[in-house]
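Architecture and fold: a report
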Amino acid sequence: MSPEKTALLIDVIAGMLEGLGRVAVGASSPIPAAAAWLARERGGGRPQVSVLGSGAHSDMTDGGRELFDRAGQGRIDAFFLGGVQIDGGANINLIGTGPHPSADKRFPGSYGSAYLYFVVPRVILFRVEHSPRTLVEKVDFVSAPGTSPAGVYRPGGPHALITGRCVFRFDAARGRFRLASLHPGHSLDEVRTATGFDFDCADDPPVTPAPSAETMALIRGPIGGNLAEVYPRFAAKFLGGERAA
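Throughout what follows, the structure given in this document is the object of discussion. What you are looking at is a predicted structure, and each value in this text was computed from that prediction instead of being measured. (Residues numbered from 1 in each chain as written. Predicted model: local features only at pLDDT ≥ 70, side-chain atom pairs only at ≥ 80, totals over all residues. Heavy atoms only, no water.)

**Considerations on the pairing of strand β8 (residues 122-127)**
Here strand β3 (residues 78-81) runs beside β8; their pairing, made up of 4 bridges, is parallel. In the strand pairing of β8, Leu 81 is matched with Leu 125. Alignment of β8 against strand β10 (residues 158-163), held across 5 bridges, turns out to be parallel. Bridged to Ile 124 within β10 is Ala 160. (Pairing = 2+ DSSP bridges. Helix = DSSP H or I, 4+ residues; strand = E, 2+ residues; numbered from the N terminus.)

As structure tokens, this is what we get:
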């Protein structure tokens, strides 16, 4: 993926985090981490950002257990989840593909995704690959459900799905996605063909805005410095690894 597309995704996600109090980012999530740092730069120190597994960029001292404790206490406002598969009801699959339990391929597993999906108010789904293989009509295994039946206590849930082609917002009342914007260079027909589930959209959906010059300066400056410390290979490949002066 090009540096320009990477910066666009960072900028889009950052806009969904501005004004929040606390954002947590899981391990091996450089784009969401960069977005959280960008939102903090724009917000004058808010939101507070904790990158799981980072000593320099997290105030958590007990890893995943502390993350789960904070989330259950209402002290995490946003988190990120992905999936081997994501369907139109925002259900995610982190287990494997094919009929369960004899899956064709197996993956690391759900870890705490189901719990976090229920208790974090703003869960942002993120998957760069946008294809019928990853965005499916129905996931093969539900690691974490996008919605719950009436009467189930659930303060958390999906807010949006960002891919390499577009941005979807999740309509919790209808239990389905709505196309919010197309990334530059991508068309509605292309997105429909590449998406295995049906979604709502306007006849002429807007184009995702490109990052401003000020945003690019932040990404290549202080954000690039943070990335170089936590994700050096990612920074070197996509952002050049510039550190803040």
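That covers the picture; the talk isn't over yet.
**Focus: the packing of aromatic side chains**
How two aromatic rings sit relative to each other is given by the distance of their centres and the angle of their planes. Under the defined criterion, the tally for this structure stands at 8 aromatic pairs. Centre to centre, the rings of Phe 168 and Phe 197 are 5.8 Å apart; their planes meet at 55 degrees, and the pair counts as tilted. Here Phe 168, found in strand β11 (residues 166-171), pairs with Phe 197, found in the loop between α5 (188-194) and α6 (213-230); they are 29 residues apart in sequence, far enough to count as distant. Comparing Phe 168 with Phe 197 shows no difference in burial state: the two are buried. Over the ring of Phe 199 we find Arg 192; its NZ or CZ atom is 4.8 Å from the centre of that ring. (Phe/Tyr/Trp six-rings, centres within 6.5 Å; stacked < 30°, edge-to-face > 60°. Buried < 20%, exposed > 50% of the residue type's maximum accessible area, 1.4 Å probe, protein only. Lys NZ or Arg CZ within 6 Å of the ring centre and 35° of its normal.)

**Observations concerning the side chain of Ser 58**
On the secondary structure map, Ser 58 appears in the loop between β2 (48-51) and α3 (63-72). Within the structure, the side chain of Ser 58 is placed 3.1 Å from the backbone nitrogen of Met 60, a separation counted as a polar contact. Sequence-distant contacts of Ser 58, that is, excluding residues within four places in its chain, are made with Ser 50 and Val 51. (Polar contact = N/O pair within 3.5 Å; in protein donor to acceptor, adjacent residues only side chain to side chain. Contact = heavy atoms within 4.5 Å.)

**A few points about the sheet that holds strand β4 (residues 85-87)**
In spatial order, the strands read β5-β4-β9; together these 3 strands make up an open sheet with mixed pairing. Unpaired on one side and paired on the other, β5 (92-93) and β9 (135-136) mark the two borders of the sheet. Here β4 pairs with β9 via 2 bridges, running parallel. Among the inter-strand pairings, Asp 87 is bridged to a residue of β9, identified as Val 136.

**Digging into the pattern of salt bridges**
One side chain can pair with another of opposite charge once the charged atoms of both are near each other. Tallied over the entire structure, the rule returns 11 salt bridges. The partner of Arg 42 in a salt bridge is Glu 18, with the nearest N and O atoms 2.7 Å apart. Taken as a pair, Arg 42 in helix α2 (residues 30-42) and Glu 18 in the loop between α1 (3-15) and β1 (22-25) lie far apart in primary sequence, 24 residues in all. Note that Glu 190 is salt-bridged to Arg 165, the shortest N-O span being 2.3 Å. Of this pair, Glu 190 sits in helix α5 while Arg 165 is found in the loop between β10 and β11, placing the two residues 25 residues apart along the sequence. For Arg 165, a relative accessible area of 24% translates into the label partly exposed. (Salt bridge = Lys/Arg side-chain N within 4 Å of Asp/Glu carboxyl O.)

The quantities given are spatial measurements derived from coordinates; they are silent on function.
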